[in-house]
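These are the residues of each chain, in order.
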Amino acid sequence: QQQVKQSPQSLIVQKGGISIINCAYENTAFDYFPWYQQFPGKGPALLIAIRPDVSEKKEGRFTISFNKSAKQFSLHIMDSQPGDSATYFCAASRGSARQLTFGSGTQLTVLP
Amino acid sequence: NAGVMQNPRHLVRRRGQEARLRCSPMKGHSHVYWYRQLPEEGLKFMVYLQKENIIDESGMPKERFSAEFPKEGPSILRIQQVVRGDSAAYFCASSPAQGANYGYTFGSGTRLTVV
């Protein structure tokens, strides 16, 4: 099964709050899990990525938490800012396959 | 140090016409990928190419769609006899030949509207 399921579809957070977006996958062969940020009219931009040999990766205000046994991973945005308002996509790929399987996206709105 | 360049940014075609979308990868990148994004949906893989070779076209519709990445010039995604269902944003991405982290860079996309 190649699907990656993402939730919620939309999220509204107050400035300074924590934004949490969740993804679940079926294919245990997936070994690379990136998150992309997309602003209107732009292409997706790589935000942060993790491999299944670690349970957490942090870069600035962005953290990926990875639960291999549950086949779930999540993006946490700390101290959310209005400039973080965008659509966020989780994705996964496996081994030598170069294609990414994307989740359906989460539209994040951070209120000032 | 230009990023992935796609053109045109917007393309309007009447049903039955041909659409040609162009993608110039980042300098030093020899792997190109095409994705399609329907409204309110995530990106769907279409095709992966290296110079003069199609490596994986498992996401390409069987008819009307084709892609190439010639030795010289940009990669081209060609859609023949377009239909309204082809209306979408088409994104190209590129990665370096030795991209160990699998991360790649997307262009800003071509928004195709079929009227």
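In the block above lies the structure referred to throughout.
Below: a short report on this structure. (Residues numbered from 1 in each chain as written. Chains lettered and ligands numbered in written order. Predicted model: local features only at pLDDT ≥ 70, side-chain atom pairs only at ≥ 80, totals over all residues. Heavy atoms only, no water.)

Things to note about unusual backbone geometry
Part 1 of the reasoning: The amide bond that connects Ser-7 of chain A to the next residue, Pro-8 of chain A, takes the cis arrangement and shows omega of -5 degrees.
Part 2 of the reasoning: Here Pro-8 of chain A lies in the loop between strand S1 (4-7) and strand S2 (10-14).
Part 3 of the reasoning: A cis amide bond, omega 0 degrees, links Asn-7 of chain B with the succeeding residue Pro-8 of chain B.
Part 4 of the reasoning: Positionally, Pro-8 of chain B belongs in the loop between strand S1 (5-7) and strand S2 (10-13).
Part 5 of the reasoning: One non-glycine residue, Glu-52 of chain B, adopts positive backbone phi at about 65 degrees.
Part 6 of the reasoning: Phi at Gln-81 of chain B takes a positive value of approximately 50 degrees, unusual for a residue other than glycine.
Part 7 of the reasoning: If you trace the backbone, Gln-81 of chain B turns up in the loop between strand S8 (75-79) and strand S9 (88-96).
Part 8 of the reasoning: Classification of Gln-81 of chain B as exposed rests on a relative accessible area of 54%. (Helix = DSSP H or I, 4+ residues; strand = E, 2+ residues; numbered from the N terminus. Buried < 20%, exposed > 50% of the residue type's maximum accessible area, 1.4 Å probe, protein only.)

A word on the interface of chain B and chain A
Part 1 of the reasoning: Counting residues at the interface gives 25 residues for chain B, matched by 18 residues for chain A.
Part 2 of the reasoning: One can count zero salt bridges joining chain B with chain A.
Part 3 of the reasoning: The tally of links between chain B and chain A comes to six residue pairs in polar contact (both at pLDDT 80 or more).
Part 4 of the reasoning: Going through the elements one at a time, strand S4 (29-37), strand S5 (43-50) and S9 of chain B are the ones with two or more residues in the side of chain B that touches chain A.
Part 5 of the reasoning: The element contributing the most residues to the side of chain B that touches chain A is S4 of chain B, with four residues.
Part 6 of the reasoning: Residues belonging to the side of chain B that touches chain A are distributed by class as follows: ten nonpolar, ten polar and five charged. (Contact = heavy atoms within 4.5 Å. Salt bridge = Lys/Arg side-chain N within 4 Å of Asp/Glu carboxyl O. Polar contact = N/O pair within 3.5 Å; in protein donor to acceptor, adjacent residues only side chain to side chain. Nonpolar A, V, L, I, M, F, W, Y, C, P; charged D, E, K, R; others polar.)

Looking at the pairing of strand S3 (residues 19-25) of chain A
Residue and element names in this part refer to chain A.
Part 1 of the reasoning: Of the two faces of S3, the one holding Ser-19, Ile-21, Cys-23 and Tyr-25 is buried and the one holding Ile-20, Asn-22 and Ala-24 is not buried anywhere.
Part 2 of the reasoning: Pairing of S1 with S3 involves four bridges; the strand directions are antiparallel. Within S3, the position partnered with Gln-6 by the bridge is Cys-23. (Pairing = 2+ DSSP bridges.)

A few points about a nonpolar patch on the surface
Residue and element names in this part refer to chain A.
Part 1 of the reasoning: On the surface, a nonpolar cluster with roughly 240 Å² of combined accessible area is contributed by Ile-18, Ile-20 and Met-78.
Part 2 of the reasoning: With respect to the helices, strands and loops of the structure, Ile-20 is situated in strand S3.
Part 3 of the reasoning: Assessed through its relative accessible area of 36%, Ile-20 is described here as partly exposed. (Patch = residues over 30% accessible without salt bridge, like charges linked within 9 Å, V, L, I, M, F, W, Y side chains within 5 Å. Areas by Shrake-Rupley, 256 points an atom, 1.4 Å probe, with all protein chains shown as cover.)

Looking at the state of the cysteines
Part 1 of the reasoning: Enumeration over the complete set of coordinates arrives at two disulfides over all chains.
Part 2 of the reasoning: Across the disulfide from Cys-23 of chain A sits Cys-90 of chain A; the S-S distance is 1.9 Å. Of note, the bridge from Cys-23 of chain A to Cys-90 of chain A carries an S-S torsion of about -95 degrees and is left-handed in sense. With Cys-23 of chain A in strand S3 and Cys-90 of chain A in strand S9 (residues 86-94), this pair connects stretches of sequence that are 67 residues apart. The same class applies to Cys-23 of chain A as to Cys-90 of chain A, namely buried.
Part 3 of the reasoning: With a sulfur-sulfur separation of 1.8 Å, Cys-23 of chain B is cross-linked through a disulfide to Cys-92 of chain B. Taking the sign of the S-S torsion, -50 degrees for the link of Cys-23 of chain B and Cys-92 of chain B, the bridge is left-handed. (Disulfide = S-S within 2.5 Å.)

Considering the nonpolar core
Burial of nonpolar side chains together is a common tendency in soluble globular proteins.
Part 1 of the reasoning: Grouped together as the largest cluster of nonpolar side chains are 24 residues, with contacts concentrated most on Val-4, Phe-33, Trp-35, Phe-73, Leu-75 and Tyr-88 of chain A.
Part 2 of the reasoning: Sorting the residues of this core by element identifies S2, S3, strand S4 (30-38), strand S5 (45-50), strand S7 (62-67), strand S8 (72-77), S9 and strand S11 (106-111) of chain A as the ones contributing at least two each.
Part 3 of the reasoning: Counting 23 residues, the second-largest nonpolar core is a separate cluster that includes Val-4, Met-60, Ala-67 and Phe-69 of chain B. (Core = buried A, V, L, I, M, F, W, Y, C linked by side-chain atoms within 4.5 Å.)

Remarks on the sheet that holds S3 of chain A
Residue and element names in this part refer to chain A.
Part 1 of the reasoning: What the five strands build is an open sheet, ordered S1-S3-S8-S7-S6; its pairing is antiparallel. Of all the strands in the sheet, just S1 and strand S6 (56-59) have a single pairing partner and so form its edges. The mean inter-strand angle of the sheet, taken between neighbouring strand axes irrespective of direction, is 15 degrees.
Part 2 of the reasoning: Note: S3 against S8, six bridges, orientation antiparallel. By the bridge assignment for S8, Ser-19 is matched with Ile-77. (Axes fitted to C-alpha atoms, helices over the stretch in contact; angles between N-to-C directions.)

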